[in-house]
Amino acid sequence: MRIDAHQHYWKLSRGDYGWLTPDMGVLYKDYLPADLEPILERHNIDRTVLVQAAPTVAETDFMLSLAATHESIGGVVGWLDMADPDFSRLFEKYRKEPAFVGIRPMLHDLSDDAWVIQPVVLDNLRVLAAHDFPFDFLVRPQHLPHVLHVLEQVPNLRAVIDHIAKPLIKDQVFEPWGAQISAISQHENVYCKLSGMVTEADHANWTPADLKPYVAHTVACFGLERVLFGSDWPVSLLAARYDDVIGALEEILAPGLDEYSRAKVFGGNAARFYGISL
């Protein structure tokens, strides 16, 4: 089974995508399954993980409605308010939904970089950990010390770092991102998505060589058992076509991949992490 572990759909008329404005160019339009499914078929992608793009429960409901009618969606990573003292009640409701496979707050859009370490959020992360329920960290390098604090406080949290934590690829800045990723990888229940990299590079002039040091370091830290391919489509369209994104990663990884490892990176690891099956 081949899985794209990170993609989005949105419908502008829903009105809760605060970050999505006309100046976003190619992104400022509806993107729905009919737009992506022919591309998935071309690349033999069996399922995707649909990830939230708005910080509302209505967004979660919208994605679950798409999953109910589109077989290509293998699971939904939704949004619930992790700072709500009544979080447990809402979580109990949503975790009964078969397609609901993870939760993601939009941490890198919040004004407080340390939001995730406040006591109420840590308590609610412990609820997720008690149920072995996946959590996505949407972060930039400045958030990584707080990610480490969370993992120390909630050591059994099943978590994944989205977009390799968005290092400054365009400027070829490596540290302290590199050391912090290495420290995070020591937590064996944490995975990392090889996604969202082209949009951190020079949109007009990036090459696979620009991404390679970051991919190589991530794989060296997490191993081929804990990294997941994700396209970040359609956000990735700011810098590349879907074909270019998957092609670049395959080119970078090719020297170190046999068929068994390729199957893990491009599907098996995501299936195991999120509990997805055909």
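Residues numbered from 1 in each chain as written. Predicted model: local features only at pLDDT ≥ 70, side-chain atom pairs only at ≥ 80, totals over all residues. Heavy atoms only, no water.

**What to know about helix H1 (residues 33-42)**
- For H1, every residue scored as buried is listed here: Pro33, Leu36, Ile39 and Leu40. One face of H1 carries all of its buried residues, which in axial projection span an arc of 135°. Residues of H1 that are exposed and point over 90 degrees away from its buried face: Ala34 and Glu41.
- Residues of H1 that are buried make contact with strand S1 (3-7), strand S2 (47-51), helix H2 (57-69) and helix H8 (242-253).
- Following H1 by one or two positions, asparagine 44 adopts a phi angle in the positive range, close to 55°. (Buried < 20%, exposed > 50% of the residue type's maximum accessible area, 1.4 Å probe, protein only. Helix = DSSP H or I, 4+ residues; strand = E, 2+ residues; numbered from the N terminus. Arc of directions from axis to C-beta. Contact = heavy atoms within 4.5 Å.)

**Focus on helix H7 (residues 208-222)**
- Taking 1.5 Å of rise per residue, the 15 residues of H7 would be expected to cover 21 Å, and the 20 Å separating its terminal C-alpha atoms lies within 8% of that figure.
- Along H7, the sharpest change in direction is near 25° and occurs at tyrosine 214.
- All of the buried residues in H7 are Pro208, Leu211, Tyr214, Val215, His217, Thr218, Val219, Cys221 and Phe222.
- Buried residues along H7 sit against helix H6 (177-185), strand S7 (190-194), strand S8 (227-229) and H8.
- Of the residues trailing H7, glycine 223 is marked for its positive phi of about 80°. (Expected span 1.5 Å × (residues − 1). Bend = angle between axes of the 7 residues up to and from the residue.)

**Describing unusual backbone geometry**
- Residue proline 176 is bonded to the preceding glutamate 175 through a cis peptide linkage, with omega at 10°.
- Residue placement: proline 176 occurs in the loop between strand S6 (159-161) and H6.
- Cis rather than trans, the peptide bond between tryptophan 233 and proline 234 has omega equal to 5°.
- As for its position among the elements, proline 234 is in the loop between S8 and H8.

**Considering the environment of tyrosine 31**
- With respect to the element layout, tyrosine 31 can be found in the loop between S1 and H1.
- Along the sequence, tyrosine 31 and histidine 203 sit 172 residues apart, while their C-alpha atoms lie 20 Å from each other.
- Sequence-distant contacts of tyrosine 31, defined by excluding residues within four places in its chain, comprise Tyr9, Trp10, Val26, Trp233, Pro234 and Leu237.

**With respect to the packing of H6 against H7**
- The interhelical angle for the contact between H6 and H7, taken along N-to-C directions, is 25°, at an axis separation of 9 Å. If you check the angle between H6 and H7, you find them roughly parallel. For H6 against H7, the interelement crossing comes out right-handed. Here Trp177, Gly178, Ile181, Ser182, Ile184 and Ser185 of H6 come into contact with H7, specifically with Tyr214, His217, Thr218, Cys221 and Phe222. (Axes fitted to C-alpha atoms, helices over the stretch in contact; angles between N-to-C directions. Parallel < 35°, antiparallel > 145°, perpendicular 65-115°, else oblique. Left-handed = near helix turned anticlockwise from the far one by under 90°.)

**Some points on the pairing of strand S3 (residues 73-78)**
- Burial analysis of S3 places five of its six residues in the buried class, the great majority of the element.
- Across four bridges, the pairing between S2 and S3 is parallel. Following the sheet pairing, valine 51 is matched in S3 by valine 77.
- Remark: the S2/H2/S3 crossover connection has right-handed handedness.
- As paired strands, S3 and strand S4 (residues 100-103) are joined by three bridges and run parallel to one another. Paired with valine 76 across the two strands is phenylalanine 100, which belongs to S4.
- Remark: the S3/helix H3 (residues 87-94)/S4 crossover connection has right-handed handedness. (Pairing = 2+ DSSP bridges. Right-handed = clockwise from strand over helix to strand, strands pointing away.)

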